[in-house]
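This is what each chain is made of:
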Amino acid sequence: MRNKIVAGNWKMNLLLAEAIDLGRKIKEAASEIEGVQVLLFPSSIYLKSLAEIAIPVGAQNFYPAENGAFTGEISISQLKDCGATHVLIGHSERRAIFGEQADFLKQKVDSAIAHKITPVFCCGEPLEIREAGTELVYVKRQLEESLFHILPENMQNCIVAYEPVWAIGTGKTATVAQAEEMHRSIRNWITEKYTETIAQNCSIIYGGSCNVSNAQELFSSPNVDGGLIGGASLQAESFIKIAQSF
Ligand code: PEP
């Protein structure tokens, strides 16, 4: 049985006191929600403070080297030391704004696995690819280039986040049919590459303007195992309602 997951990507938002306050409210409500893993991705400088509230936290970014002359960067060991259990890899903002390419993302996946940190591997097509009708080929390639080289025992511990780029922060959500088609395809590709059991155990979550009004419908789709929530994770009420949507 795969996990149902609702994860909040806070991006570059909130000050420390706000992050702690929001984290506390979410923690309190999350303890009442059975069977859903609630995860937060705050700014890395707040990881330790949030981990102290005993809410599971992950990092939005890291540099895939052990240590050394990488001014301004943070290693996965440092994040782990601050309480991170998960990391986002391949988020479209990192790909588009910071130029992170497939090969670099592959290194990040390897680094996370080597440190027993769960990768939340983000994939998704831009609008022009969706309009051209080639989104399945595009997303499959993203997975093949940066994720599908890992060993089966590691794949079953990964989380895949399907996030169509045209839906992130735009207020446009994929329809349930669009999300289900992609999630089902991702699960089939995992079956082809690994095994049916691994594919059935792997959580595939949806991201892209997921909110209180559409979460329930999306999460009721057979291959949608939860959500990666950006904007709507910044208010306790909306994020909690989303986590209660299963
Ligand atoms: C995200 O950044 O991963 C995301 C899904 O953002 P939003 O929910 O705001 O579209």
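Only a predicted model underlies this, so the values are computations on that prediction, with no experimental measurement involved.

Criteria and cut-off values
- Residues numbered from 1 in each chain as written.
- Predicted model: local features only at pLDDT ≥ 70, side-chain atom pairs only at ≥ 80, totals over all residues.
- Heavy atoms only, no water.
- Core = buried A, V, L, I, M, F, W, Y, C linked by side-chain atoms within 4.5 Å.
- Buried < 20%, exposed > 50% of the residue type's maximum accessible area, 1.4 Å probe, protein only.
- Helix = DSSP H or I, 4+ residues; strand = E, 2+ residues; numbered from the N terminus.
- Contact = heavy atoms within 4.5 Å.
- Phe/Tyr/Trp six-rings, centres within 6.5 Å; stacked < 30°, edge-to-face > 60°.

What follows is about the nonpolar core. Nonpolar side chains in soluble globular proteins generally cluster together in the buried interior. Counting 67 residues, the largest nonpolar core has L143, L147, M155, I186 and I190 as its most contacted members. Considering each element in turn, this core owes the most residues, 6 residues, to helix α1 (residues 16-30). Every residue in contact with I186, bar those within four places of it in the chain, is listed here: C123, V139, L143, V160, Y162 and I204. By size, the runner-up hydrophobic cluster in this structure holds 11 residues, among which are A7, L39, L88 and L228.

What follows deals with the packing of aromatic side chains. How two aromatic rings sit relative to each other is set out by the distance from centre to centre and by the angle between their planes. Tallied over the full model, the rule gives 5 aromatic pairs. Look at Y63 and F104: their rings are 5.9 Å apart centre to centre, the planes differ by 45°, and that puts the pair in the tilted class. Here Y63, found in the loop between β3 (57-59) and α3 (76-81), pairs with F104, found in helix α5 (residues 102-114); they are 41 residues apart in sequence, far enough to count as distant. Judged by its relative accessible area of 26%, Y63 falls in the partly exposed class. A centroid spacing of 5.9 Å and a plane angle of 85° characterise the contact between F148 and Y194, whose relative ring orientation is edge-to-face. One end of the pair, F148, is in the loop between α7 (135-146) and α8 (152-155); the other, Y194, is in the loop between α9 (176-193) and α10 (196-201), with 46 residues separating them in the sequence. A relative accessible area of 11% means that Y194 is categorised as buried. Taken together, the aromatic side chains of Y63, F70 and F104 make up a single cluster linked through ring pairs.

By themselves, these observations are geometric and do not establish any function.
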